[in-house]
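These are the residues of each chain, in order.
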Amino acid sequence: MPLTNCEKITVNLDNDRSYDILVGGRLIEFAGKLIKPHLKRAFTVIVTDENVAKHHLADLQAAFSNQEIECEAIILPAGETSKKMATLEILLEKLLAFGVERNDVITILGGGVIGDLAGFAAAILRRGVDFVQIPTSILAQVDSSVGGKTGINSPHGKNLLGAFHQPKLVLADIDILDTLSDRHMRAGYAEIFKYALINDPEFYLWLLANGQKLIAGDKAARQYAVVKSCQAKALIVGLDEKELGIRALLNLGHTFGHALEAHCQYSERLIHGEGVAIGMVLAFEFSAFLGFNNGSDIEPIKQHLADIGLPTNIQFEGLQPLPSAAQMLEFMLQDKKTQQGEMTFILAKAVGKSFVEKNVDQQLVLNFLKGKNFK
Ligand SMILES: NC(=O)c1ccc[n+]([C@@H]2O[C@H](COP(=O)([O-])OP(=O)(O)OC[C@H]3O[C@@H](n4cnc5c(N)ncnc54)[C@H](O)[C@@H]3O)[C@@H](O)[C@H]2O)c1
Ligand SMILES: [Zn+2]
């Protein structure tokens, strides 16, 4: 069957680094053909994790061999704990052992963890090799595979070691999501909802009406939301690739969310999108606390997230026992937006009206957190 219903979004960057994101069904079958023009020789190394490999590696290998592209595969342990220096070192040594040269292209098949980790490996291997990305989780399709942020975590905090390194091509295969767990599907939804809350009230209404259908597996709804999200992110990244200004908006919910993730030591107690869901509610509540909005959006947002099956407050079981307000503040000060101890938050005047607020007083943050029952 030919490739049909595939949509293209271009991320516009300078110095010939612009690239396309293709969104559609069954894209993995066509991966060999679509990636081939980016290869200088008929060779690639696939980097994936054990869960994704079980379901999709054979299809990708077949797609390469159909095009007479030789490929090797590196299968890493799944989960956030792989985003660390020790795994990065293993990956780099394996890539070198497979003879990856400066002009080769690495194929990254996985969710945000494998994308961030292997993208960072590509950024530093032989001072930078190219890569293409086949994001396999909804979170990776709508967020992490767009925009070139790569990296790993440190015991000091999340994503503290990394590089900007853009892919040559992204293939977001909607059908690949069929094997994703419900929990990760819901978690990825939080990032989709984030785009609506940032600057798209129409998309917000669409999600209120169609979000549950999307979660339940409706392919048309899925594709629409992935395309909308990639367009939203591509636009912002095209304007501010290195996050000197408006790209920070994409962190809505993340200052609180990352602190909660750090408290859970990046474990399965709280996965990223769940932290973002709670974090977005906290960001709207903090905005109301500071007097930027009247709080009327908070209940509908919470209700929708709850309908989707996402946590909406810090009573969430995975967070217990809760950190103290002082510990939360400590985690939040590790945020990359903190400069000379001055905290920056993404706040909202209303749904679709988010903004960057600099120099937020730490005492106000503490007062807010104490009011939220962080002791
Ligand atoms: N670089 C960025 O701009 C950016 C943006 C947002 C998030 N992130 C990062 O992304 C990470 C989270 O990504 P994630 O939620 O995709 O996590 P993940 O990569 O751990 O994937 C979630 C789980 O689903 C499994 N999985 C993935 N695709 C599957 C599929 N199609 N079928 C079956 N199982 C599948 C994985 O093995 C894993 O167990 C975090 O580390 C976060 O910091 C990065
Ligand atoms: Zn995120």
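Residues numbered from 1 in each chain as written. Chains lettered and ligands numbered in written order. Predicted model: local features only at pLDDT ≥ 70, side-chain atom pairs only at ≥ 80, totals over all residues. Heavy atoms only, no water.

1. A look at the domain arrangement of the protein chain
Interfaces are often sized by the accessible area lost when the parts come together.
At step 1: Split by domain assignment, the protein chain resolves into domain 1 (7-179) and domain 2 (202-371).
At step 2: Summarising the inter-unit geometry, the C-alpha centres of domain 1 and domain 2 are found 26 Å apart.
At step 3: Contact with domain 1, which involves 35 residues of that partner, is made by 22 residues of domain 2.
At step 4: Scanning the region where domain 1 abuts domain 2 turns up 7 salt bridges.
At step 5: A salt bridge links Asp143 to Lys233, with the nearest nitrogen and oxygen atoms 2.6 Å apart.
At step 6: Counting every contact that joins domain 1 to domain 2 gives 12 residue pairs in polar contact (both at pLDDT 80 or more).
At step 7: Sorting the residues of the side of domain 1 that touches domain 2 by element identifies strand S1 (7-11), strand S2 (19-24), helix H5 (138-144), strand S7 (149-154) and strand S8 (157-164) as the ones contributing at least two each. (Domains from an automatic or database assignment. Contact = heavy atoms within 4.5 Å. Salt bridge = Lys/Arg side-chain N within 4 Å of Asp/Glu carboxyl O. Polar contact = N/O pair within 3.5 Å; in protein donor to acceptor, adjacent residues only side chain to side chain. Helix = DSSP H or I, 4+ residues; strand = E, 2+ residues; numbered from the N terminus.)

2. A look at helix H3 (residues 85-97)
At step 1: Along its 13 residues, H3 runs 18 Å from first to last C-alpha, staying within 8% of the 18 Å computed at 1.5 Å per residue.
At step 2: Three or more residues of H3 are buried, namely Thr87, Leu88, Leu91, Leu92 and Leu95. All buried residues of H3 lie within an arc of 135 degrees about the axis, which places them on one face of the element. Seen from the open side of H3, the exposed residues pointing more than 90 degrees away from its buried face are Glu89 and Ala97.
At step 3: Buried residues along H3 sit against strand S3 (43-49), strand S4 (70-76), strand S5 (105-110), helix H4 (112-124) and S7.
At step 4: The positive-phi residue at the C-terminal boundary of H3 is Gly99, with phi of around 80 degrees. (Expected span 1.5 Å × (residues − 1). Buried < 20%, exposed > 50% of the residue type's maximum accessible area, 1.4 Å probe, protein only. Arc of directions from axis to C-beta.)

3. A short note on the coordination of the zinc ion (ligand 2)
At step 1: Protein coordination of the zinc ion (ligand 2) is provided by Glu191 (OE), His254 (NE2) and His272 (NE2), with donor distances spanning 1.9 to 2.2 Å.
At step 2: Positions of the donor residues of the zinc ion (ligand 2), expressed as sequence spacing, correspond to E-x62-H-x17-H. Of this pair, His254 sits in helix H9 (residues 254-263) while His272 sits in helix H10 (residues 272-289), and the two are 18 residues apart along the sequence. Here His254 matches His272 in class, with each residue buried. (Donors = N, O, S within 2.8 Å, 3.2 Å for Na, K, Ca; no water.)

4. Here we look at the packing of aromatic side chains
At step 1: What the rule picks out here adds up to 13 aromatic pairs.
At step 2: Centroid distance Phe256 to Phe286: 6.0 Å. Interplanar angle 85 degrees. Geometry classified as edge-to-face. With Phe256 in helix H9 and Phe286 in helix H10, this pair connects stretches of sequence that are 30 residues apart.
At step 3: Take Phe256: its relative accessible area is 1%, and that puts it in the buried class.
At step 4: Of the residues examined, Phe286 reaches a relative accessible area of 0% and is grouped as buried.
At step 5: Note on Phe286 and Phe345: the rings are 5.0 Å apart at their centroids and 65 degrees apart in plane angle, and the pair reads as edge-to-face. Of this pair, Phe286 sits in helix H10 while Phe345 sits in strand S10 (residues 343-350); the two residues are 59 residues apart in sequence, bridging distant segments of the chain.
At step 6: For Phe345, a relative accessible area of 2% gives the class buried.
At step 7: In textbook terms, an aromatic cluster arises when at least three aromatic residues are bridged by ring pairs, as seen for Phe256, Phe286, Phe289, Phe345 and Phe368.
At step 8: The cationic tip of Lys194 hangs over the ring face of Tyr195; the distance from NZ or CZ to the ring centre is 5.3 Å.
At step 9: For Lys349, the ring lying beneath its charged end belongs to Phe355, and the centroid distance is 4.7 Å. (Phe/Tyr/Trp six-rings, centres within 6.5 Å; stacked < 30°, edge-to-face > 60°. Lys NZ or Arg CZ within 6 Å of the ring centre and 35° of its normal.)

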